[in-house]
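A structural walkthrough
One letter stands for each residue in the lines below.
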Amino acid sequence: MTGHKTLAEWLSWQESLHVTAIDMGLARVERVRAAMKLQPSCPVVMVAGTNGKGSVCAMLSAILRCAGFKVGTYTSPHILRYNERIAIDMVPASDERIVASFEAIDAARGDTSLTYFEFGTLAAVHSFVAEKVDVIVLEVGLGGRLDAVNIFEPDVSVVVSVDIDHQAILGDNREDIGFEKAGIYRAGKPALCADPNPPRRLIEHARAIGADLKLYGPDFGYQRMDNQWSFHMGEAHRHALPLPALRGGYQMINASAALAALECLKPRLPVSLGAVKRGLLEVEWPGRFQVMPGRPAVVLDVGHNPHAVKAMTASLKQLPFARNRLAVFSMLEDKDLEQVASLAREEFDVWFVGGLDMPRGQSGERIAARLAEMGIARVQSFATVAQAWSAALSQAEESDRIVVFGSFHTVAEVMEARQHPA
């Protein structure tokens, strides 16, 4: 690609560069990394998991920033702008910064084809090195062993949770998926698993390669009190901690995973108790059981698999009473809609479903028909998620609650509609 291009033009070009959108394997992207001589000298934390990995990255980054460190954070997917994926001190990188990295990658790759995600992964680390960050936090996109992020060498690796998702690529059981996620562990390096029921294959792989495995429960964890909690890991303790600003009961395990990673980094990146407290209070992570201010109550949740929706429904039960409970819902075709809807059906009185106009998207009519087949009766279908949101908002009373969930794309369309109401 030659000539001056905008970020939007680069991204459009990348979408068609490689023969498939997802191409698991490290050979191509590693070849380009080596050509760029791209290897960070600062500490790197790598975070994988079916759910919760973005929240752990956000908490880690917020606490490290409060401790005075310059933090580079790579996450995916984005909700509204691509720049969200590459953040420095939790601020999305500029178009110019990302384009400069894309140009460096393109100059180094020769005739090696890269996927959209592989381009972004290299661009993130190239940007962080150029900006001289003190620490890098990398979220794995899919699985772990064959994910592009895994070409880099982590100082600490975290697997937050293991459940069923992306079965066609990772396998249809927790053991196989756990093995894929354990691929980010390294010999002699801290390898954390925050899943309360760690898969046997994850444990076996960590031990086989000689990783320093630390498990939630036996090796680290938390104790909850009324409005505070304490963390423990071996002889280390952090007491009188504030509850995380991120909503949802599952965030306590996520926060414990973040603090365990910090404990492993302590010799190189010491963090005070004050920085931990400030980071937990200030952390933001949009779309993860995000309760919006105002009436009617609105909750945004990007949950799109049974594990995430089970956590979402548990958190909904903790919210104040709502007279009518409205769902704004859409899912991609390859996700387990029936299982997700089955888990959530008791939490909603009316469903407003909209179509997603994208690859793997499905129409509002098709989603409504599938819900009807399950015996979910009060369903209204719309061409778009934005229309479904508008209808739900127009019908809701102040004492009602609207929950938007099912996909990152579903939440993104509602966020966009809220920012730019018709």
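Residues numbered from 1 in each chain as written. Predicted model: local features only at pLDDT ≥ 70, side-chain atom pairs only at ≥ 80, totals over all residues. Heavy atoms only, no water.

1. Observations concerning the UniProt feature "domain: Mur ligase C-terminal" (unreviewed entry) in the chain
Here the UniProt-annotated "domain: Mur ligase C-terminal" (unreviewed entry) positions come out as residues 287–408. Across residues 287–408, helical content stands at 34% and strand content at 21%; the span's end C-alpha atoms are separated by 8 Å. (UniProt positions renumbered as here; feature names shortened; annotations may be inferred. Helix = DSSP H or I, 4+ residues; strand = E, 2+ residues; numbered from the N terminus.)

2. Some thoughts on the packing of aromatic side chains
Each pair of aromatic rings is reported with the distance of its centres and the angle of its planes. One pass over the full model with this rule turns up 17 aromatic pairs. Considering the side-chain rings of tyrosine 82 and tyrosine 116, the 5.8 Å spacing of their centres and the 85 degrees angle between planes classify their relative orientation as edge-to-face. Highlighted residues: tyrosine 82 in the loop between β2 (71–74) and β3 (86–88) and tyrosine 116 in helix α5 (residues 116–130), separated in sequence by 34 residues. On the basis of relative accessibility, which here comes to 5%, the residue tyrosine 82 falls in the buried class. When the centroid spacing of 4.9 Å and the interplanar angle of 45 degrees are considered together, the rings of phenylalanine 329 and phenylalanine 405 count as tilted. (Phe/Tyr/Trp six-rings, centres within 6.5 Å; stacked < 30°, edge-to-face > 60°. Buried < 20%, exposed > 50% of the residue type's maximum accessible area, 1.4 Å probe, protein only.)

3. Brief notes about the packing of helix α11 (residues 306–316) against helix α12 (residues 337–344)
Packing of α11 against α12 leaves a shortest axis separation of 9 Å and a crossing angle of 10 degrees. Taken together, the axes of α11 and α12 lie roughly parallel to each other. Once α11 is placed against α12, the crossing between them reads as right-handed. Between α11 and α12, the residues in contact are Pro306, Val309, Lys310 and Thr313 and Gln339, Val340, Leu343 and Ala344, respectively. Its residues assigned to classes, the contact of α11 with α12 comprises 5 nonpolar, 2 polar and 1 charged. (Axes fitted to C-alpha atoms, helices over the stretch in contact; angles between N-to-C directions. Parallel < 35°, antiparallel > 145°, perpendicular 65-115°, else oblique. Left-handed = near helix turned anticlockwise from the far one by under 90°. Contact = heavy atoms within 4.5 Å. Nonpolar A, V, L, I, M, F, W, Y, C, P; charged D, E, K, R; others polar.)

4. Things to note about the state of the cysteines
Disulfides are covalent bonds that link the sulfur atoms of two cysteine residues. All told, the structure shown has 0 disulfides when counted by the stated rule. Cysteine cysteine 264 is unpaired, with the sulfur of cysteine 193 as its nearest cysteine sulfur at 13 Å. (Disulfide = S-S within 2.5 Å.)

5. Observations concerning the sheet that holds strand β15 (residues 350–354)
Overall, mixed pairing links the 6 strands, which are arranged β12-β13-β17-β14-β15-β16 in an open sheet. In the strand order of this sheet, the two ends are held by β12 (290–292) and β16 (379–382), each with one partner. Across the sheet, the mean angle separating the axes of adjacent strands is 20 degrees when strand polarity is ignored. Direction of pairing for β12 relative to strand β13 (residues 297–300): antiparallel, over a ladder of 3 bridges. Residue pairing across strands places methionine 292 opposite valine 298, the latter belonging to β13. Across the face of the sheet, helix α13 (residues 364–373) comes into contact with β14 (325–329), β15 and β16 while running at roughly 145 degrees to β15. (Pairing = 2+ DSSP bridges.)

6. Section: the sheet that holds strand β4 (residues 91–92)
Overall, mixed pairing links the 8 strands, which are arranged β4-β3-β2-β5-β1-β6-β7-β8 in an open sheet. The open sheet has two edge strands, β4 and β8 (212–215), and neither has a second partner. Across 4 bridges, the pairing between strand β1 (residues 44–48) and strand β6 (residues 156–159) is parallel. Of the residues in β6, the one forming a bridge with valine 45 is valine 156.

7. What about the nonpolar core?
Formed by 51 residues in total, the largest nonpolar core has its most connected members in Phe102, Ile105, Leu122, Phe128, Leu138 and Tyr185. Take this core: its biggest share by element is 8 residues, from α5. Setting aside its immediate chain neighbours within four residues, phenylalanine 128 contacts Gly72, Thr73, Tyr74, Ile86, Ala87, Ile88, Val133, Ile136 and Leu138. Val137, Met233, Ala255 and Val283 belong to the second largest nonpolar core, which has 44 residues in total. (Core = buried A, V, L, I, M, F, W, Y, C linked by side-chain atoms within 4.5 Å.)

8. Regarding the pairing of β2
Residues Val71 and Thr73 line one face of β2 and the alternating positions Gly72 and Tyr74 line the opposite face, and both faces are buried. Taken together, the 4 bridges between β2 and strand β5 (residues 135–139) define a ladder with parallel strand orientation. Directly across from threonine 73, in β5, lies its bridge partner valine 137. Where β2 lies against β3, 3 bridges are found, and the strand directions are antiparallel. Counted as the bridge partner of glycine 72 is isoleucine 88 from β3.

9. Observations concerning the side chain of serine 330
You can see serine 330 is positioned in the loop between β14 and α12. According to the relative accessible area criterion, serine 330 is buried, its value standing at 0%. Not counting chain neighbours up to four residues away, the residues in contact with serine 330 comprise Gly354, Gly355, Leu356, Ile367, Val385, Phe405, Gly406, Ser407 and Thr410.

10. Brief notes about the packing of helix α7 (residues 174–181) against helix α8 (residues 200–209)
Contact geometry for α7 and α8: axes closest at 7 Å, N-to-C directions at 30 degrees. Here α7 is positioned roughly parallel relative to α8, judged by the angle of their axes. α7 and α8 meet at a crossing whose hand is right-handed. Where α7 approaches α8, its residues Glu175, Asp176, Gly178 and Phe179 are matched on the opposing element by Arg200, Arg201, Leu202 and His205. Residue composition of the contact of α7 with α8, by class: 2 nonpolar, 2 polar and 4 charged.

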